[in-house]
Amino acid sequence: MKNILYTLLVTIALAGAQSCIEDEFTDSPSDQPYFSVETLDFGTVFTGEATPTRRFLIHNPHSKSLSISDIHLSGDDASCFRLNVDGISGDTFSGVDIRGKDSIFVFVAATFPEREGLGADYTAQVDVITNGVTRSLPIAAYGLNVVRLKAVTAEADMRLTAEKPYQIYDSLVVATGATLTVEAGAKLCFHDKASLIVRGTLRCEGSAEAPVSMGGDRTGNVVGDISFDIMSRQWKGVLFASTSKGNILSHTVIRNTSEGVSIAGDPEADYSSTPQLSLHNSVLTNSGDLGLLAVHSAIKAVGCEFSEAAAGLVALHGGSHTFNHCTFANNYLFTAIGGAAVQFSHLSADTKTGLDDSSGLPYAAADFSNCILYGLGSEVSHGDLTGTDVYFRRCLLRSAGKDDDNFLMCVWDEDPLYYTVRNDYIFDYRVKPDSPAIGAADATLTLPEAATDRYGMPRGAAPDLGAYVYTEPVEE
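Owing to the predicted nature of the structure, the values given are computational and were not obtained by experimental measurement. (Residues numbered from 1 in each chain as written. Predicted model: local features only at pLDDT ≥ 70, side-chain atom pairs only at ≥ 80, totals over all residues. Heavy atoms only, no water.)

Asks: Give a detailed account of the overall build of the protein, specifying residues and quantitative values.
Replies: Counting secondary structure elements, the protein contains 1 helix and 40 strands. On C-alpha atoms alone, the protein measures out to a radius of gyration of 29 Å, which is more than a quarter above the 23 Å that the 2.2 N^0.38 rule sets for 476 residues. The C-alpha extent of the protein, read off along each of the three principal axes, is 95 × 60 × 55 Å. Counted over contacts in the protein with a minimum sequence separation of 6, partners at least 24 positions apart contribute 60%. Split by element, the accessible area of the protein, about 22200 Å² in all, is 51% carbon and sulfur. (Helix = DSSP H or I, 4+ residues; strand = E, 2+ residues; numbered from the N terminus. Rg over C-alpha atoms; globule rule 2.2 N^0.38 Å. Contact = heavy atoms within 4.5 Å. Areas by Shrake-Rupley, 256 points an atom, 1.4 Å probe, with all protein chains shown as cover.)

Asks: So what about the pairing of strand β5 (residues 81-85)? Which residues, and what values?
Replies: Taken residue by residue, a regular strand's side chains alternate between the two faces of the sheet. Across the 5 residues that make up β5, a large majority, 4, are buried. Hairpin connection from β5 to strand β6 (residues 88-90): 2 residues lie between these consecutive antiparallel strands, with Asp-86 at a positive phi of about 55°. (Buried < 20%, exposed > 50% of the residue type's maximum accessible area, 1.4 Å probe, protein only. Pairing = 2+ DSSP bridges.)

Asks: Explain the side chain of Ser-287 to me, and be specific about the residues and the numbers.
Replies: In this structure, Ser-287 sits in strand β27 (residues 283-287). Here the side chain of Ser-287 touches Leu-290 through a polar contact of 2.8 Å, landing on its backbone oxygen. Residues in contact with Ser-287, not counting those within four places in the same chain, are Ser-232, Thr-257, Ser-258, Glu-259, Gly-260, Glu-308, Ala-309, Ala-310 and Tyr-332. (Polar contact = N/O pair within 3.5 Å; in protein donor to acceptor, adjacent residues only side chain to side chain.)

Asks: A description of the sheet that holds strand β39 (residues 407-408) should follow, citing residues and the corresponding values.
Replies: Taken together, 10 strands build an open sheet; the order of strands is β13-β15-β18-β23-β26-β29-β32-β35-β37-β39 and the sheet is parallel. Two strands lie at the open edges of the sheet, namely β13 (158-160) and β39, each paired on one side alone. Inspection of the sheet shows strand β35 (residues 365-369) paired to strand β37 (residues 389-393) by 5 bridges, in the parallel sense. For Ser-369, the partnering residue across the bridge sits in β37 and is Arg-393.

Asks: I'd love a proper account of the confidence of the model for the protein, names of residues and values included.
Replies: Mean pLDDT over the protein: 91, with 92% of residues reaching 70 or higher. Low pLDDT, under 50, characterises residues 5-22; the stretch is placed with 1 contact to residues that sit more than four places away or in other chains. (pLDDT = per-residue confidence, 0-100.)

Asks: Any details on the packing of aromatic side chains? Residues and values, ideally.
Replies: Aromatic rings considered in pairs are described by the distance between their centres and by the relative angle of their planes. Enumeration according to the criterion identifies 19 aromatic pairs in this entry. Plain terms: the ring middles of Phe-407 and Trp-412 are 5.4 Å apart, the flat faces sit at 50° to each other, and that makes the pair tilted. Overall, the relative accessible area of 5% leaves Phe-407 in the buried class. Judged by its relative accessible area of 19%, Trp-412 falls in the buried class. The lysine or arginine in question, Arg-135, covers the ring of Phe-35, its NZ or CZ lying 5.9 Å from the ring centre. Its guanidinium or amino end placed over the ring of Tyr-169, Lys-150 lies 5.1 Å from that ring's centre, counting from NZ or CZ. (Phe/Tyr/Trp six-rings, centres within 6.5 Å; stacked < 30°, edge-to-face > 60°. Lys NZ or Arg CZ within 6 Å of the ring centre and 35° of its normal.)

Asks: Before we move on, could you go through the pattern of salt bridges and cite the residues and values that matter?
Replies: Considering all chains together, one arrives at 9 salt bridges under this definition. When the shortest N-O distance is used, the salt bridge between Lys-164 and Glu-114 registers 3.2 Å. Separated by 50 residues along the polypeptide, Lys-164 in the loop between β13 and β14 (166-174) and Glu-114 in the loop between β9 (103-110) and β10 (119-130) bring together distant segments of the chain. The salt bridge partner of Asp-428 is Arg-430, with a shortest N-O separation of 3.0 Å. (Salt bridge = Lys/Arg side-chain N within 4 Å of Asp/Glu carboxyl O.)

Asks: Before we move on, can you summarise the nonpolar core with the specific residues and values?
Replies: Counting 60 residues, the largest nonpolar core has Phe-306, Phe-323, Phe-328, Phe-368 and Phe-392 as its most contacted members. Ranked by the residues each element gives to this core, the list is headed by β14, at 4 residues. Once residues lying within four places of it in the same chain are set aside, the contact partners of Phe-306 are Leu-284, Leu-292, Ala-301, Leu-313, Val-314, Phe-323, Cys-326, Thr-327, Phe-328 and Ala-329. Residues Phe-42, Ile-71, Phe-81 and Ile-139 belong to the second largest nonpolar core, which totals 30 residues. (Core = buried A, V, L, I, M, F, W, Y, C linked by side-chain atoms within 4.5 Å.)

Asks: Before we move on, can you summarise the sheet that holds β5 with the specific residues and values?
Replies: The strand order β1-β3-β9-β5-β6 describes an open sheet built from 5 strands, whose pairing is antiparallel. Sheet topology places β1 (34-35) and β6 at the edges, where each strand pairs with a single neighbour. With 5 bridges joining them, β5 and β9 adopt antiparallel strand pairing. Bridging from a neighbouring strand, Arg-82 pairs with Ala-109 of β9.

Asks: Got a sec to walk through a negative patch on the surface? Specific residues and values, please.
Replies: A cluster of acidic side chains, namely Asp-384, Asp-403, Asp-404 and Asp-405, defines a negative patch on the protein surface. Turning to its location among the elements, Asp-403 is positioned in the loop between β38 (396-397) and β39. Owing to a relative accessible area of 38%, Asp-403 belongs among the partly exposed residues under this scheme. (Patch = residues over 30% accessible without salt bridge, like charges linked within 9 Å, V, L, I, M, F, W, Y side chains within 5 Å. Lys, Arg positive; Asp, Glu negative; His and termini not counted. Charge placed at Lys NZ, Arg CZ, Asp CG, Glu CD.)

Asks: Tell me what's going on with the state of the cysteines, and back it up with residues and numbers.
Replies: The final tally for this structure, using the stated rule, is 0 disulfides. Among the cysteines around Cys-371, which has no disulfide bond, Cys-395 carries the closest sulfur, lying 4.6 Å off. (Disulfide = S-S within 2.5 Å.)

Asks: For the environment of Glu-38, give the residues involved together with the corresponding values.
Replies: Residue placement: Glu-38 occurs in the loop between β1 and β2 (40-46). For the pair Glu-38 and Pro-138, spaced 100 residues apart in sequence, the C-alpha to C-alpha distance is 7.5 Å. Ignoring any residue separated from it by four or fewer positions in sequence, one finds Glu-38 in contact with Leu-137 and Pro-138.

Asks: How would you explain the environment of Leu-293 if you had to name every residue and give the values?
Replies: Position of Leu-293 among the secondary structure elements: in strand β28 (residues 290-295). In this structure, the C-alpha to C-alpha distance between Leu-293 and Glu-259, residues 34 residues apart in sequence, is 9.1 Å. Among all residues touching Leu-293, those that are not within four sequence positions of it are Val-261, Ser-262, Ile-263 and Ala-315.

Asks: Summarise the pairing of β35; cite the residues concerned and give the values.
Replies: With respect to burial, β35 is a largely interior element, 5 of its 5 residues being buried. Of the two faces of β35, both are covered, the one formed by Ala-365, Asp-367 and Ser-369 as well as the one formed by Ala-366 and Phe-368. Sheet analysis places strand β32 (residues 320-324) next to β35, joined by 5 bridges and oriented parallel. Counterpart to His-321 in the pairing with β35 is Ala-366.

Asks: Account for unusual backbone geometry, with residues named and values stated.
Replies: Residues other than glycine seldom take positive phi values, yet His-346 does so here, at roughly 50°. Even without being a glycine, Leu-417 presents a positive backbone phi close to 60°. Relative to the assigned elements, Leu-417 resides in the segment after β40 (411-412). When its relative accessible area of 28% is taken as the criterion, Leu-417 is described as partly exposed.

Dropping the structure here:
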C-alpha cells in the first residue's frame, strides 16, 4: 500500500511539473523575442570557400511561451548564406517554440562567389515572424577575392603583386637559382601547416606606406576582441635553405607561425659582402617556437622588431651577425617562455653543442647596437660573454648588470615604457613620453639603413634606442 501511495504521489508531482513546463502561449503582437546581437557581422572573409560559422540567440524575455511561425533568410545575397536553427539545418523553419525566459541558438555560415574587383559587400537578413510581426536581423560580410596557390614551386623568377591577397596551401617553394619578388603591399595568407621554402632568393620590397604581410589565413577575431593576428601556430613559417642567398626582407611583417623563420647557412659561403638574410624595418612576431633561428649564416637586421615567441626571439648558432636599432620584446601569451630573448650556441669552446664540435667552423660573431632588450624572461642566454666575439653596444637591458668588455655603454635596469598592455592584448613597442630610450642612442653607431623607422619617421641627430622613433602622442 505504501509503495502504491508513493508511486501515485510521484505521478501527480510529475504531472504538475509537466503542466508548469508547458506554459501558456502568448499571441499578443506586442510580445516579441529579441536577438543577442544587433548585426551578425562576418567581417572580412575569402570568397570561394566556406566561412566560419557565426551564431546568435533568439531570446524570449516573457513569462509565457512564444511560437515563432517562420524563420528564413531574405535579401539580395540570401542564397549565399546557410541557416541552422537549434541544431537543425534548413532554408525555412516554422512552428519554433521558445518557452518563457528561454532562448534558442541560430547558426549562420556562408560561401561567397567571387565578384569583380578586389572584393564586395554581401548582405542579407534573418527574418523572424512571431504573432504576425516580422523582426529582422541584418547580416553583413565583406568577401575578399584571393589568388590561391597550392603546392607551387617557382622554378624561374616569380613576382607576387599587391593586386589581390594570396592564399597559400601546403607550400610555396622558391627553387635554387630562382628569385621570388614580393611587391610592396602584397599579402601572403598561409593555410594551416603551409610554409614558404626558399632555396633560391626571396626579395620582399615593402615600404612604410605599403608593407609586405605574411600571416595565417584566419580572419577576424578568435573570441570577443581577441584577433587572430596575435595567435601563433597558424602556419609553419619561412625556411631558408643553405643554397639560398641574397635574401632581403624590407618593411615585412611575418606573424602567426609555428616555427618562425629559420635559415641554414652554407659554411663554405662568403657572406662578408652580402648577408644571407637582410632584414630592414621588419617585424617577426607570434611564433610558437623560436622567432628566428640562424645556423652558420649571416644576418643583418636594421630597425626590426622581434617579439612574442614561445622558445625565445633570436637564436644564433655560429655565423656572423649585425643587429642595429632593433627591439627585442617577448611578452608571449599562450605558454611560459622557454628561452632567453637572444640565444647563442657554437659561441666559444665552452658552448659547442656536439653538432659540430670538430667541424672547425668559426664561432658566432654578433654586434648588437642601439637596441632594446626588455620583456618577460631573460635577455641573453650567456650572461658571461668574456672571450667571445659578441658585443652589445649602447643597448637598454632589463637586467641590473654592468658594463664589461662585451657590454659597452649600456643602459641597465631601465623600463623602456612600451605602450604594450599584455593583459589587454595590446602589443605596441613604441615608447611613451617618459621613456629612457628617447634620445639615448649613440648616433655614431646608427647605420645608414636606420635613417628612418618602419613608419617612415626620421631618427635625426639624437636617435632613440630600439626600432622605433618616438613621436608625440596625438591628443584625442
